[in-house]
Amino acid sequence: VDFGRVGISAVMQDLTRPLNPRPMQTSQGELLLESSGLRVCGRRVSARGAALLGVALAALCGSLWLAAGHGALPAGPPAAGTSKPDVTAPGKDGVCSDRETCLSIVDAFLERQPRQSFMGGKGVGLMQTFGPDSFDGGPCGDKMCKLVEPCPNYEQTPHCRFDVYDNALAAIYLTCRGRLEEARSVLKSFLYFLYDDKGALKLLAASYTDAPAKAGDYQGVGVADGAVDTGNNAWVGLAFTHFAAETGEACYARVARDILEALRHDVSCADDEMGGFAARGPPYPHNYRSTEHNIDVFSLSRALNSSADAESAATFVRSMWGHSKQAPDTYVTGTGDAAHCDATIPLAAAAADVQFWSLLADADPSAARKNASVTFALRNPGSARYKGGEGRIDGLWQIDEDLIGSPGGEGKGQELYGFRFTSWGNGIQWENTASAVMALVHYQQKYQRDAPVAGLDEAISRARVSIRQLLQAYQAVPASVLGGNINAYIKNDHAADYPGGSDTGIGWTYLRYPHVAASTWAGLLLLYQHDDGAPVDDAANPFAPPRKPVPSKDKSDADDSCLPSGGGSGSKGGGGGPPPPSGGGGGGGGGGPPPADAACKAHPGCSALTGECCPTAIGMMLECCGI
């Protein structure tokens, strides 16, 4: 992917595509040609001739620009380490036309998303996370570009994932959108997995499949990922809280309080100086503390007026500032895993969600820290095709070109703007980008006047228009627009036309599939603020306390009307269970140290890779595993 291609380089790309010598623009704005020759009108041109052609075309474009009265040509992408992103006023071509049109696309996508079939009936069960079916991996052959249908990893399982985080986010969106019965159907599906036949609450696994499972199941064919992640369960608690506030139905607040009580019982580190909550509970606990998970718990605790839990989680989030040697102006991802409530801080990538979600949640009120974190995020790390670009870790802002487009060809060739998953990653990840734009708008409203960040307004506009372009072209938001499949990802060639999706840099990738979390965050963003200068609706911020009051604890304790038959003991803990499954991670609340046999280095065919491979953190079994 060329993160810096703009203007003249797009013209040059069309001339050179048959030989695959894609030109690129470096982070200093230089045009480089990575081939010994190119063809123009069918004739091979030398490198010197190519340079002269580029100069001539640039001069022509510049003359036309000036003649049109636009003034100076816009600058290319900034050098790494500068704060202003490469953004200019966005065009409106290919954008869903208005707020309601855009939101209707999100509504329709969620309505047609496959549900868990074993629960029976239309609109019943959790939603499938990726798919159904891909948006095509590109024209580079089956080995490197063909995507598995109807969802990632289907050839190995064969089941699709129904992730807890994505569904919690969808329930929050549907509640904010006023589609309360659709939200209720998702929450009822959660209730089925939360309370066992004796009425005891069991915290949720990270992901299920469409095969039967029940409360307290953390392995088996019905469970895609048995990790009991703190963040995932906090997101579900937030979904119940928002619904309870909107409807006034106290039973749903009771469920949220049961979840928070179970988290407090299983994973609290309140007696530690750093505070917070460990990232993973029984039956397969881990000791590390995740910053992102604690942002989630902080928001849930604040909404439920559990001040001690909120302060503990916020204390941990604030304590994670400034420990990274690679990115000192960021919040680190969390602690080590060696001991109970481990306080060590290992080397890790700077994660986009940690920077932006801490801002959206107001978990740390320091304006100076927010300014520094946003300034870091808006830096453009440069292109992987430029010498040294591969190792650049300074900044999260990216520019991708959609070389494939939608199944109907719409959107092909569009230049898109957003954020990569981490400072070690490559390519825009659209779930993070949509939530990041919301966070940037929040910064614009709360901090920009007194602590201005250069390029903030332009970045908001560019990325939001890109999301609206994706909605129009794909009738959903894909996880990534970058082509290639898992084999291309393993090859680890970020400079390839089809590099294997958007690489997180920490052990897995996002491929070209419709994505519930990315589409739902897009919907929440457009509810929050649809366009530049439009009013901001804080109720669409899932981390913010609900606009309406949450039913009191006294009322919720007395209401068990929503619970499964015999449910509602509010019993502590999500623990107990069989030996741990292979796998880990989980979207949104997920991640963490993998079991030893999942590590790439434990498998000879994957030994050149880092992180977890067999499976990856999102459950994909790489071909190199030989399984």
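Residues numbered from 1 in each chain as written. Predicted model: local features only at pLDDT ≥ 70, side-chain atom pairs only at ≥ 80, totals over all residues. Heavy atoms only, no water.

Bringing the packing of helix 3 (residues 99-112) against helix 16 (residues 516-528) into the picture now. The contact between helix 3 and helix 16 brings their axes to 10 Å, and the two run at 150°. Of the possible angle classes, the one that applies to helix 3 and helix 16 is roughly antiparallel. Crossing angle aside, the handedness with which helix 3 passes helix 16 is left-handed. Contacts between helix 3 and helix 16 pair Arg99, Cys102, Leu103, Val106, Phe109 and Leu110 from the former with Val516, Ser519, Thr520, Gly523, Leu526 and Leu527 from the latter. (Axes fitted to C-alpha atoms, helices over the stretch in contact; angles between N-to-C directions. Helix = DSSP H or I, 4+ residues; strand = E, 2+ residues; numbered from the N terminus. Parallel < 35°, antiparallel > 145°, perpendicular 65-115°, else oblique. Left-handed = near helix turned anticlockwise from the far one by under 90°. Contact = heavy atoms within 4.5 Å.)

Before going further, it helps to examine the pairing of strand 10 (residues 397-401). Across the five residues of strand 10, five count as buried, placing the element largely inside the fold. Along strand 10, one buried face is formed by Trp397, Ile399 and Glu401 and the opposite face, lined by Gln398 and Asp400, is buried too. Sheet analysis places strand 10 next to strand 11 (residues 415-419), joined by five bridges and oriented antiparallel. Bridge assignment links Ile399 to a residue of strand 11, and that residue is Tyr417. (Buried < 20%, exposed > 50% of the residue type's maximum accessible area, 1.4 Å probe, protein only. Pairing = 2+ DSSP bridges.)

Glancing now at the packing of aromatic side chains. Under the counting rule described, the total for this entry stands at 23 aromatic pairs. Taking the centre distance of 6.0 Å and the plane angle of 55° together, the rings of Phe118 and Tyr192 count as tilted. A residue pair is termed long-range when its members are at least 10 positions apart, and Phe118 in the loop between helix 3 and helix 4 (142-145) and Tyr192 in helix 6 (residues 180-194) qualify at 74 residues. Look at Tyr192 and you get partly exposed, because its relative accessible area is 36%. Taken together, a centroid distance of 6.4 Å and an interplanar angle of 70° make the contact between Phe118 and Phe193 edge-to-face. Of this pair, Phe118 sits in the loop between helix 3 and helix 4 while Phe193 sits in helix 6; the two residues are 75 residues apart in sequence, bridging distant segments of the chain. (Phe/Tyr/Trp six-rings, centres within 6.5 Å; stacked < 30°, edge-to-face > 60°.)

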